[in-house]
Amino acid sequence: GAVVSQHPSWVICKSGTSVKIECRSLDFQATTMFWYRQFPKQSLMLMATSNEGSKATYEQGVEKDKFLINHASLTLSTLTVTSAHPEDSSFYICSASPLTSGGGREQFFGPGTRLTVL
Amino acid sequence: DAKTTQPPSMDCAEGRAANLPCNHSTISGNEYVYWYRQIHSQGPQYIIHGLKNNETNEMASLIITEDRKSSTLILPHATLRDTAVYYCILYPGGSEKLVFGKGMKLTVNP
């Protein structure tokens, strides 16, 4: 099946610093990628939809200036957490859907990135 | 908000079939039923999806009722590695977003 990678798999940073997380589709192209956040014992919450070559679409309540998303190519999207604070500590997961026609396309998920802000 | 309803948890004996129910009474004509699972501290894994016909792959079978208002995911021979949170999601596909509900925790016991 299609493979999505994330880098890094985990990161620890000091409060006030910025952290960049990469999401790559390794064997397919994707015009759209999605970023999710998951807190302990909770479900995945969609943060934003990342569109290649255009601005990301953020879900209600997600600060676009804090969570910067760049989708520079059909295989790479990045999420930058700016001025991170301890409450941003979470599990960040991306997903991507291959470019095919018609409905019923599945999304493939990355392994996630564990962010801990001290 | 998620448009599906699942029981919060279920136990199953190793080697037995696990039948995971899902209700989706407000499903639209263009929405597929997708199943994903998430093993602790990993990204969700795609299992199977269907529109109205029953589907089977190497991982599982999906049974969708004729009125499409409910479905059942069947793991024919559950193993300990099948212990995970299972999500039943309605999804039209493509660039539409996936909305995750609370899911159902399946615990496979030895």
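Scope of this entry: the structure provided in the associated data block. (Residues numbered from 1 in each chain as written. Chains lettered and ligands numbered in written order. Predicted model: local features only at pLDDT ≥ 70, side-chain atom pairs only at ≥ 80, totals over all residues. Heavy atoms only, no water.)

**Remarks on the packing of aromatic side chains**
In step 1: Counted by the stated rule, this structure contains 14 aromatic pairs over all chains.
In step 2: Between the aromatic rings of F67 of chain A and Y92 of chain A, the centroid separation amounts to 6.4 Å while the plane-to-plane angle is 40 degrees, which identifies the pairing as tilted. Here the residue F67 of chain A occupies a position in strand β7 (residues 67–73), and Y92 of chain A occupies one in strand β9 (residues 90–96), the gap between them amounting to 25 residues.
In step 3: Accessibility expressed as a relative area gives 0% for Y92 of chain A, which makes it buried.
In step 4: Summarising the aromatic geometry, the rings of F109 of chain A and Y36 of chain B are spaced 5.4 Å apart at their centres and angled 80 degrees between planes, so their arrangement reads as edge-to-face. On the criterion of chain membership, the pair formed by F109 of chain A in strand β10 (residues 108–109) and Y36 of chain B in strand β3 (residues 32–38) is interchain, its members lying in two chains. Of the two residues, F109 of chain A and Y36 of chain B, neither departs from the other in class, the shared state being buried.
In step 5: A connected cluster of aromatic rings, assembled from ring pairs, spans F28, Y36, F108 and F109 of chain A together with Y32, Y34, Y36, Y46, Y87, Y91 and F100 of chain B. (Phe/Tyr/Trp six-rings, centres within 6.5 Å; stacked < 30°, edge-to-face > 60°. Helix = DSSP H or I, 4+ residues; strand = E, 2+ residues; numbered from the N terminus. Buried < 20%, exposed > 50% of the residue type's maximum accessible area, 1.4 Å probe, protein only.)

**Describing the state of the cysteines**
Covalently bonding the sulfur atom of one cysteine to the sulfur atom of another cysteine gives a disulfide.
In step 1: Scanning all chains against the criterion turns up two disulfides over all chains.
In step 2: Here C23 of chain A connects covalently by a disulfide to C94 of chain A, the sulfurs 2.0 Å from one another. Handedness here is read from the sign of the S-S torsion; for C23 of chain A and C94 of chain A, about 80 degrees, the answer is right-handed. In this pair, C23 of chain A sits in strand β3 (residues 19–25) while C94 of chain A sits in strand β9, placing the two residues 71 residues apart along the sequence. Summarising the burial analysis for this pair, C23 of chain A and C94 of chain A share the class buried.
In step 3: Unpaired in terms of disulfides, C13 of chain A finds its nearest cysteine sulfur in C94 of chain A, a separation of 18 Å.
In step 4: C13 of chain A sits in the buried class, given a relative accessible area of 9%.
In step 5: Note on C12 of chain B: no disulfide assigned, nearest cysteine sulfur contributed by C22 of chain B at a separation of 18 Å. (Disulfide = S-S within 2.5 Å.)

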